[in-house]
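Given next are the chains, with one letter for each unit.
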Amino acid sequence: MTKLLTGMAIAVLSTGVAMADGHLAFTPGEGDFNWGSLEAFAAATDLSGQTVNVFGPWRGDDQALVENIIAYFEDATGANVEYSSSENYEQQIVIDTEAGSPPDVAILPQPGLIGTLASRGFIEPLGEETEAWLQENYAAGDSWVSLGTYAGPDGEDRLYAFPYKIDVKSLVWYVPENFEDAGYEVPTSMEDLKALTEQIAADGGTPWCIGLGSGGATGWPATDWVEDMMLRTQPPEVYDAWVSNDIPFDDPAVIGAIEEFGYFARNDAFVAGGAGAVASTDFRDSPKGLFESPPQCYMHHQASFIPTFFPEGTELGVDADFFYMPSYAGKDLGNPVLGAGTLAFITKEGEGARAFLEFLKTPIAHELWMAQSGFLTPFKSVNTDMYANDTLKKQGQILLDATTFRFDASDLMPGAVGAGTFWTGMVDYAGGKDAAEVAAEIQSSWPAQ
Amino acid sequence: MHPAILGLITIVIGVGGCIGYFWFSNVILDRVFFPPSGPNAGRNINRANAIRPWLFMGPAILALGLYLAYPVVATFLLSFQTRVPGGGSEFVGLDNYVQMIGEAKFREAIFNNMLWLIIVPAASTAFGLLAAQLTDRISWGSFAKSLIFMPMAISFVGASVIWKLIYDARPAGSDQIGVLNAIWVAFGGEPQQWLTISPWNSLLLMVVLIWIQTGFAMVILSAALRGIPEETVEAAIVDGASPWQIFFRIKVPQIMPTIVVVWTTITLVVLKVFDIVLAMTNGQWETQVLANYMYDKLFRAFDWGVGSAAAMTIMLLVSPILVWNVINARKEMR
Amino acid sequence: MDNIAGKKSSLTWAVHISVVVLVALWLFPTVGLFVSSFRTGDQISSSGWWQSLSTQESQLSPIRIEGDETATGDAFVIEGTLISGDTTVSAWGTSSREPNAYEPGETVDLGDGQTLTVNDDSTYVLTGPETFEGTRLPRVFMTASSPPVWTVENYGTVLFTGTAAAGIGQAFLNTLTVSIPATIIPILIAAFAAYALAWMEFPGRALLVATVVGLLVVPLQLALIPLLQIHNTIGIGKGYLGVWLAHTGFGLPLAIYLLRNYMVGLPRDIIENAKVDGASDFQIFVKIILPLSFPALASFAIFQFLWTWNDLLVALVFLGADDDSLVLTGRLVNLLGSRGGDWEILATSAFVSIAVPLVVFFSMQRYLVRGLLAGSVK
């Protein structure tokens, strides 16, 4: 029986390999890619006959993109990579690691979850060399190192995860021509943004489209708002203290940030459909209001991925554009950038897994995705001309220029809060509950240390 | 070799192995160990008959024990433990239960679950019985049955998509794409975010499950209705009973055991269902149910202790049904 | 006599009408999804599916003029059609503030000497004194009525494009390989166990029945980690054998419960007569019980098949999530992408995945009915 099943697996495998061959998205040697880094990597690594299992969050179109990158890794090393993903990847990775059949490398967007796995001893540390590499090669290297550093099973802090593919969240999307038609200017400070919001409402328009709906994850778009507001009203140290619960969730600083979000989201005149629609409008449908005629709203706060959900044929930079969510001119807090991203980590020690992580340190592994779409990186050695379009390049620049970069707090908090009560609490708040009350409830759900 | 052929071979081996077990085990029992012939024929038959039930049930007991009973025991133990950083866990007594009962979301889930347990089985069984009785009397009944059964063929995820579309709301003034709001607006209402309005939203989620489970109830009850001996119905007609009387006085009592089975089965589905709640509201706006609460604790909060405690609560809720079934089984055996 | 006949026929009519209403109610949600699967995402989110059958007058999203210019004398001209198909424009504009400022056919001065004309068939003429090259062309807002448009593009996307194309056939086979044994094995095992629980005398029978009912309620999520752990320890790992066993374990309680209940109801005399004639339990089971239980077996087979076919969780955990072992539901769910939620893809996927269960149900139903009739002849 086992033999038969293995035979079947091999037959199936060989078709997979055949498909991957000859499917390179960009011909090696052509264009301004850092092909040299790929050649050097290929010369140093040989994994012929080995299989590397990679588990990631990307499905659908994104899966095709990541498989294009993997094809170069396979080409360079001779290894066969099995990429898999799952709708509920958090659940899948927990089950697989707990049950003892983990992939070799996993890539996930939730540092909080990775931290949990690390503390249970399911992840291999990456070592000091990688730590030094990040310090040196990523812009704002310190913040990236601390992002991937967690307490291991023995309580010691080590670098466990390698950030790869970043999203910038502090963006406000708008339709330039709608602004021109109405004579509005892109605001450069939070004070201006609020003045613009009030002016649009006074002119009879609706300034914002806000939608928190996301099925089981309903509420998360509001956490981005609160985090952006936190970075714009408090110094980054307070933000860090909030994430680690060194200041409680119901601290006046946090309540203040929640109420800043409420200024926009809880005013019937400021949001399309009225404040009552905020919690249940799907975040994917929400930006469509920008493009309707007459426009349902003028601005939409969302991360760099959102153009995927713009109507078909929308040309970025012409039909739609973004501006950096501005900071208060009156507060001296610099230009903080809120972001998110995915981190790669080793769930099963092995030559293949280590080689895959090394591959992610080559500029080519970043450029190949930059040239496809939807990929930002703080890697300083990449050729930024390789970004597929100017919009991406502009976002990449925000990342390279950031005076402060902070990761999405809800992804850093323990799952019970960051993927639980923070979401649900924000839904309650958007529905009219008192900010202090919501914050106190979230604080009470914080797991005991 | 083509994967289809390999698939076929694996299928044949899997199914063949299973048939083989029952065949050979019986042959061996009858021919080798206790042949019903020779000097000890009588004793051998008795011995073989004492062993045979366990032969028949062997695979079932093994599979049930390993795949269901063992996880239940493991869960029971986990519900008294908590994880300590660095692996391993320690015994904490009833702490997990105390913490769980202290959570507002848990109490909300218990309350909602009670509503679900009353409304969904009752409505599904009633609609199923109605559909079974009506479709049995008309020529295109089996076609109608297929259509009512169709939701059973749709996965919970698919069903959630369908009903989300129905409950969808657009801002006032623009075209509604959800049927419910379109009707509501046509009668002069303002568009409503139905899924956020408690307690109606819980009811709207129940409608999805009722829609799915009615097909199940109908198929089982329809088989039972056809099993009713013609004579009893004919006798009632001769006595001048109205169709209503025939249905409620003659037919329903005769299929009562089946109705109970259907009711029980749907009750158990209700206790376990979480896909619908997860996909449509994730327990927000006061729609939390126990199964989704458990899922939340297990895979979002990674709190195995409280998650296990929630699972034990679900299993506790089923105990009345359990007791009732034991009594029933005893009665059948006389 | 006439009176009774009249009453009877009016009652028959009432039955027919009730069934029509019931069927319509139950079908309505699915029809909505089915119709939606032939519409584009933008259509789904801008008008109700029940309106897709009629000509719609609606405010369209702005369309940007694009095309090659031709130089005629001292002017540059771009001509073209904004919307292909049978569309009638009733008003148009160039600003989001006044999307319905102009009548069709009107020529409007856009400033800088540029003029734009949009006709009711959505053809347009844009003229200007200087070349348009390098400038941003204006957007046109229109209120237009368009006849219903249908597309099979969604089905093309789900079945034949990108990563789906390579894998959908494989996924289909994987699903069959999972669900056929996962349907037959538990039925076989359960039928034997149900017979033992219904008709054989042995100690602890009632307790076993109760245990089966109790196990019906075990939440699947709890069992996943301990079971995968067992599979990894004993060397089954991830594979078809593991999925079959898991589905068998999870499906057994319901199977035993339903089948036992049915078998208990079978007439006692037949079985006792057979015993008197010297038939063994095995013979009674194979020759009498199995044929008589056909309807119950068939209905459970349908439920179990539907459940394994629609299952995603068990397959992902016990079979794996890589390209070669993904089942159909997994493949379709993955199509939705990391952030998911396109209604047109969801709707289409739902129909692709229920196609097989529906075929199975409709073809099995004939046997089901035949079996039911056979079963009722006592």
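What counts and what doesn't
- Residues numbered from 1 in each chain as written.
- Chains lettered and ligands numbered in written order.
- Predicted model: local features only at pLDDT ≥ 70, side-chain atom pairs only at ≥ 80, totals over all residues.
- Helix = DSSP H or I, 4+ residues; strand = E, 2+ residues; numbered from the N terminus.
- Rg over C-alpha atoms; globule rule 2.2 N^0.38 Å.
- Buried ≥ 20, exposed ≤ 12 C-beta atoms within 10 Å, placed from the backbone.
- Contact = placed C-beta atoms within 7 Å.
- Pairing = 2+ DSSP bridges.
- Domains from an automatic or database assignment.
- Nonpolar A, V, L, I, M, F, W, Y, C, P; charged D, E, K, R; others polar.
- UniProt positions renumbered as here; feature names shortened; annotations may be inferred.
- Axes fitted to C-alpha atoms, helices over the stretch in contact; angles between N-to-C directions.

(A) Quick peek at the overall build of chain A. From N to C terminus, chain A includes 19 helices and eleven strands. A compact globule built from 449 residues would reach a C-alpha radius of gyration of about 22 Å, and chain A, at 23 Å, matches this within 12%. In terms of overall dimensions, chain A has C-alpha extents of about 70 × 50 × 45 Å along its principal axes. Taking all 449 residues of chain A together, 54% fall into the buried category. Sequence separation of 24 or more characterises 75% of the internal contacts of chain A that already satisfy a separation of 6 or more.

(B) Expanded view of the overall build of chain B. Counting its secondary structure elements, chain B contains 15 helices and two strands. Here the C-alpha radius of gyration of chain B, 26 Å, is well above what a compact globule of 334 residues would show, namely 20 Å. With the C-alpha coordinates of chain B rotated into their principal frame, the extents come out at 90 × 75 × 55 Å. Taken across its 334 residues, chain B has 46% of its residues classed as buried. Within chain B, contacts between residues separated by at least 24 positions form 61% of all contacts whose residues are at least 6 apart in sequence.

(C) Spotlight on the pairing of strand E6 (residues 107-111) of chain C. Residue and element names in this part refer to chain C. Among the five residues in E6, zero count as buried, and that is only a small part of the element. Of the pairings in the sheet, the one linking E6 to strand E7 (residues 114-118) comprises four bridges and is antiparallel in character. Paired with Asp109 across the bridge in E7 is Thr115. Connecting the antiparallel pair E6 and E7 is a turn made up of two residues, with Asp112 showing a positive phi of about 55°.

(D) Summary view of the interface of chain B and chain C. Taken residue by residue, the interface counts 85 residues in chain B and 88 residues in chain C. Per element, the largest residue contribution to the side of chain B that touches chain C is 17 residues, and it comes from helix H2 (residues 41-78) of chain B.

(E) The domain arrangement of chain A, seen in detail. All names here are of chain A. Domains assigned within chain A are domain 1 (30-168 + 340-406) and domain 2 (171-338 + 409-444). With 22 residues of domain 1 at the contact, the number on the domain 2 side is 21 residues. Every element with two or more residues in the side of domain 1 that touches domain 2 is listed here: helix H5 (111-119), strand E6 (161-168), helix H16 (390-401) and strand E11 (404-407). For the side of domain 1 that touches domain 2, the element with the most residues is H16, which contributes five residues. For the side of domain 1 that touches domain 2, the class distribution of residues is ten nonpolar, nine polar and three charged.

(F) Summary view of the UniProt feature "transmembrane region" (unreviewed entry) in chain B. Residue and element names in this part refer to chain B. Sites flagged by UniProt as "transmembrane region" (unreviewed entry) map to residues 6-29, 50-70, 114-135, 147-166, 203-225, 259-281 and 301-327. Here residues 114-135 is 100% helix and 0% strand, with 32 Å between the C-alpha atoms at its ends. Taken end to end, residues 259-281 is 87% helix and 0% strand, and its first and last C-alpha atoms sit 31 Å apart.

(G) Highlighting the sheet that holds strand E9 (residues 321-324) of chain A. Residues and elements named next belong to chain A. Ordered in space as E8-E7-E9, the three strands form an open sheet in which the pairing is antiparallel. The sheet terminates laterally at strand E8 (299-301) and E9, the two strands that pair on one side only. Strand-to-strand twist in this sheet, taken as the mean axis angle between neighbours without regard to direction, amounts to 30°. Summarising the sheet, strand E7 (residues 171-174) and E8 pair through three bridges and their orientation is antiparallel. Counterpart to Trp173 in the pairing with E8 is His300.

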